[in-house]
Amino acid sequence: MAENELKQIISQLDSLKANNVNEAPQLLSRAKLALLHLKALVPSEDTQPQHLALAASVLELGALNSIKLKDTDAFTRYYQQLQPFYSLSDNSQASGRQSNQSKVTGLYLLLLLSVGDYAGFHTVLEGLEQSSGKEHLEKDEFIQYPVRLEQALMEGSYDKVWGETKGERVPSEEYAVFSEVLINTIRSEIASCSERAYPSLPISNAKNLLFLDSEGAVIQFAQSRGWVAKDGRIYFPQQEEEMLAAEKNVMSSSGVVIENTLGYARKLETIV
Amino acid sequence: MADKMDIDAVNGQKEEEKVGPAPELPPERIIFNNFDLIRQAVDAFDSRFTLRALRSISTLRKSDKFVEAIVIGVRTAFPKPNMGARKVLEEMLPESATAMQNGVAATEKEKKDTGDDQQVPELWAYLGILVQVYLYDTQQYQEGADFSENFVEKIRSWNRRTLDPIGAKAYFYYSLFHENLDPKPPSKQSPVIEIRPKLLAALRSAVLRKDNDTQAAVTVLLLRNYISTADITQADLLVAQTQFPTSATNNQVCRYLYYLGRIRAIQLAYTQAHDHLESASRKSPTTGPAVGFYQQAMKLLIVVELLMGDIPERSVFRQPSLESALYPYLKLVQAVRVGDLQAFLRCVETNDAQFRKDGTYTLILRLRQNVIKTGVRMLSLSYSRISLRDICTRLHISSEESAEYITAKAIRDGVIPDSSLDHTNGHLITSSGRDAYSTTEPSEAFHARIEALLGMRDECVMAMRYPMNKHRQELSEAAKARERERELAKEIIEGEGDDGEGDEGGFEGM
């Protein structure tokens with residue numbers, strides 16, 4: 001009978017989707033309690049298959065809800081809890097749940113991208129490649145979205161990133177939550193690139209480059225980054241490059257050279 | 001045995017094999033010689049004899065009479081038929097072999113002395129290894145897996161240091177059997193996951209007992225296990241929490257460095273990966289049957305070099321042992337070097353299966369941005385001023401805006417230093433006026449190289465081995481030699497004095 005209660009809660013959560021997202025956490029805790037009764041929260045050898053399916057759907061709903069509530073810690077926790085279920089179900093026949101699995105995994109990948117954890121991103125992707133195989137992954141729109149984004153980010157074609165996040169190419173609403181974070185990330189990336197690449201820039205062009213809406217926003221942004229805005233142009237500070245050049249100067253590093261040479265002399269004495 | 005000698009010649013055995021049993025011996029003879037070697041090892045507590053015995057395994061397994069030889073060996077070491085040890089081993093061997101040898105064993109019995117009972121564990125363990133090899137060669141993976149489980153438990157329970165090299169080999173085959181059971185990795189249901197706790201327990205005991213061989217072997221096996229199911233985080237944690245023994249054999253060190261390089265490459269730490277893989281490829285054997293490892297390490301090394309932005313040298317691909325294996329990688333390098341994205345994608349498509357088999361596919365996919373970066377760098381070297389539209393056409397980039405962003409990013413990442421973009425005219429301006437010799441770069445490069453060579457020299461000195469107590473012998477010998485010299489000198493002087501007394505007297509007078 002705990003099972004029935006569980007199924008009830010799940011259907012309630014499903015119907016909740018559009019309206020009151022804040023009620024979800026309470027329902028989720030009740031669901032998790034029911035799972036504990038069934039010993040299904042953590043999969044072990046004695047949990048029955050249908051309980052596994054129920055547990056997985058509860059955790060997935062929890063994950064999706066935490067995204068809507070913008071609670072990244074909770075999302076990461078749900079994702080970790082889902083991992084044993086996913087590794088168990090590799091060979092089994094669970095069909096309807098597959099779509100949610102790739103959705104949740106895709107969201108996790110996107111989360112890693114938005115905080116800039118590329119190492120984690122690739123590690124997870126490597127695991128996916130190994131377990132599901134290429135053809136499956138390529139057709140999977142939920143996973144391809146973060147992969148495409150990562151490629152575009154690494155290349156530096158930020159306009160592609162902009163296009164992906166703006167338009168209808170976003171696979172589902174949960175992904176849209178990340179769009180804002182991503183846009184902020186690329187804006188700061190473009191800003192740091194522009195500092196090194198351009199001696200100066202007219203403000204209207206800066207507006208287009210930075211995907212900002214108005215010139216006022218451009219000036220605000222410029223001030224927050226410490227740039228100088230004059231005569232309708234933005235001037236980027238040039239000092240860092242000179243500092244770097246000075247470091248390479250031989251005279252200033254004579255201490256290191258002396259140390260190294262003394263080391264060589266000592267070693268030679270021991271060898272010869 | 002002429003065909004056996006041919007096999008040996010073709011396989012190009014390493015030079016150490018000549019020190020071991022000569023190739024013309026029948027397998028039973030080799031096994032008996034190894035018994036003696038192992039007994040010597042136990043008496044002298046020196047592992048070199050056990051290692052020599054283990055090296056002959058590769059010669060043994062190629063012989064047709066391998067199984068019969070094992071049975072003879074078992075019968076000889078354990079003459080009484082109802083010894084538990086003998087039963088366990090014989091269970092694994094086919095009926096035909098055991099039935100035939102009943103007569104032969106009786107005659108051998110008299111030759112062996114009763115000292116067998118004392119050294120039984122090592123001999124039993126050695127024969128167990130031979131059984132494992134036999135089972136693996138005949139692909140009886142399930143039986144092999146079951147046998148190995150009990151086998152390694154027994155070895156671990158004995159806790160004898162002389163068993164260490166043999167134990168390390170036993171764990172190797174144990175892991176190998178499980179890898180071949182269905183469902184194979186990289187599936188998450190694979191049996192390799194079940195042996196992880198056992199391997200971890202073995203690692204713990206090995207560290208507690210200061211058993212370097214087993215510790216090295218089991219660490220390497222665990223890493224291989226984790227990587228095969230793509231549990232890279234777990235592998236990383238293992239590396240962070242354990243220490244690899246510095247006195248491990250060269251082969252294990254090679255393997256360890258290779259797996260470490262693999263982990264770092266996946267985690268995007270390319271410089272570290274490059275160091276590890278370079279050491280691995282330097283230490284690995286480049287000829288003979290083990291050349292496959294060198295090929296694999298080189299493949300990974302090339303991909304990592306590409307990911308770092310360096311182009312591997314052409315001479316690497318010309319080595320005779322590498323030419324055919326590295327051919328797809330040669331095509332890849334050529335595409336990246338020119339910065340041609342289309343050629344790169346084509347190359348990846350055609351060699352798809354090969355790259356997946358090598359496990360480098362995902363890494364190669366990351367090369368996309370490298371192709372573009374290299375393309376940008378090539379352009380910046382050749383042109384002092386180039387328009388963004390031209391960059392678009394050259395690099396097959398979709399739009400001018402993308403090209404602008406890409407070049408800006410390239411400038412920031414230091415791919416094309418000292419360049420700037422002229423936004424109004426849409427140009428990329430490069431200035432190549434840096435004189436490298438006026439900076440400290442040459443001395444830094446020299447310093448790095450000198451450090452590496454000095455480190456290598458220190459390692460060699462530390463790795464030199466002298467037999468124990470020899471130095472005392474040397475001292476006494478040196479003292480004796482000096483004594484002898486002194487006596488000789490005295491005799492010479494006395495002899496001359498007798499003859500040339502007159503002259504000497506004359507001299508002294510003056």
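Residues numbered from 1 in each chain as written. Chains lettered and ligands numbered in written order. Predicted model: local features only at pLDDT ≥ 70, side-chain atom pairs only at ≥ 80, totals over all residues. Heavy atoms only, no water.

Looking up chain B in an unreviewed UniProt entry gives the name 26S proteasome non-ATPase regulatory subunit, with the organism given as Vermiconidia calcicola.

For chain A, an unreviewed UniProt entry supplies the name Regulatory particle non-ATPase and the organism Vermiconidia calcicola.

Draft legend 1. Broad picture of the pattern of salt bridges. Residues and elements named next belong to chain B. The full count for this structure, using the stated rule, is 16 salt bridges over all chains. Across the pair Asp-36 and Arg-39 runs a salt bridge, and its minimum N-O distance is 3.5 Å. Pair noted here: Asp-36 and Arg-39 are both in helix H2 (residues 27-44), with a separation of 3 residues, about one helical turn. We classify Arg-39 as buried; its relative accessible area is 13%. With a shortest N-O distance of 2.9 Å, Arg-389 and Glu-400 are connected by a salt bridge. (Salt bridge = Lys/Arg side-chain N within 4 Å of Asp/Glu carboxyl O. Helix = DSSP H or I, 4+ residues; strand = E, 2+ residues; numbered from the N terminus. Buried < 20%, exposed > 50% of the residue type's maximum accessible area, 1.4 Å probe, protein only.)

Draft legend 2. Spotlight on the packing of aromatic side chains. Residue and element names in this part refer to chain B. Counted by the stated rule, this structure contains 16 aromatic pairs over all chains. A centroid spacing of 6.4 Å and a plane angle of 80 degrees characterise the contact between Phe-35 and Tyr-126, whose relative ring orientation is edge-to-face. Here Tyr-126 lies in helix H9 (residues 116-137) and Phe-35 lies in helix H2, a separation of 91 residues in the sequence. When sorted by exposure, Phe-35 lands in the same class as Tyr-126, which is buried. (Phe/Tyr/Trp six-rings, centres within 6.5 Å; stacked < 30°, edge-to-face > 60°.)

Draft legend 3. View of the interface of chain B and chain A. Between chain B and chain A, the contact holds 46 residues from the first and 44 residues from the second. Counting the surface lost from both chain B and chain A, the interface buries some 4,200 Å², and carbon and sulfur atoms represent 56% of this. The shortest N-O distance in the salt bridge between A:Glu189 and B:Arg412 comes to 3.2 Å. Joining chain B to chain A, the criterion identifies 10 residue pairs in polar contact (both at pLDDT 80 or more). In terms of residue count, helix H25 (residues 400-412) of chain B provides more of the side of chain B that touches chain A than any other element does, 9 residues in total. Grouping the constituent residues of the side of chain B that touches chain A by class yields 16 nonpolar, 17 polar and 13 charged. (Contact = heavy atoms within 4.5 Å. Buried area = accessible area lost by both parts, 1.4 Å probe. Polar contact = N/O pair within 3.5 Å; in protein donor to acceptor, adjacent residues only side chain to side chain. Nonpolar A, V, L, I, M, F, W, Y, C, P; charged D, E, K, R; others polar.)

Draft legend 4. Seen up close, the confidence of the model for chain B. Residue and element names in this part refer to chain B. Summing up the model confidence of chain B, the mean pLDDT is 77 and the portion of residues at 70 or higher is 81%. Long-range and interchain partners of residues 103-118, a stretch whose pLDDT sits below 50, account for 9 contacts in this model, where long-range means more than four residues apart. Contacts for the low-pLDDT stretch residues 500-510, under 50 throughout, to residues beyond four places or in other chains number 1 contact. Scored as a complex, the prediction yields pTM 0.74 and ipTM 0.71. (pLDDT = per-residue confidence, 0-100.)

Draft legend 5. Geometry of the sheet that holds strand S2 (residues 228-230) of chain A. Residues and elements named next belong to chain A. The strand order S1-S3-S2 describes an open sheet built from 3 strands, whose pairing is antiparallel. Single-partner strands in this sheet number two, and they are strand S1 (200-202) and S2. Neighbour to neighbour, the strand axes of the sheet diverge by 25 degrees on average, direction disregarded. In this structure, S2 lies alongside strand S3 (residues 233-235), joined through 3 bridges in antiparallel fashion. (Pairing = 2+ DSSP bridges. Axes fitted to C-alpha atoms, helices over the stretch in contact; angles between N-to-C directions.)

Draft legend 6. Quick look at the pairing of strand S3 (residues 427-430) of chain B. All names here are of chain B. In this structure, strand S1 (residues 385-387) lies alongside S3, joined through 3 bridges in antiparallel fashion. Residue Ser-387 lies in a different strand from S3, and its bridge partner there is His-427. Summarising the sheet, strand S2 (residues 419-422) and S3 pair through 4 bridges and their orientation is antiparallel. Within the sheet, the bridge partner assigned to Ser-419 lies in S3 and is Thr-430.

Draft legend 7. Molecular detail of a positive patch on the surface. All names here are of chain B. The grouping of Arg-314, Arg-318, Lys-331 and Arg-337 at the surface amounts to a positive patch. Every element with two or more residues in the positive patch is listed here: helix H18 (314-318) and helix H19 (327-338). Examined against the element boundaries, Arg-314 turns out to sit in helix H18. The class of Arg-314 is partly exposed, set by a relative accessible area of 42%. (Patch = residues over 30% accessible without salt bridge, like charges linked within 9 Å, V, L, I, M, F, W, Y side chains within 5 Å. Areas by Shrake-Rupley, 256 points an atom, 1.4 Å probe, with all protein chains shown as cover. Lys, Arg positive; Asp, Glu negative; His and termini not counted. Charge placed at Lys NZ, Arg CZ, Asp CG, Glu CD.)

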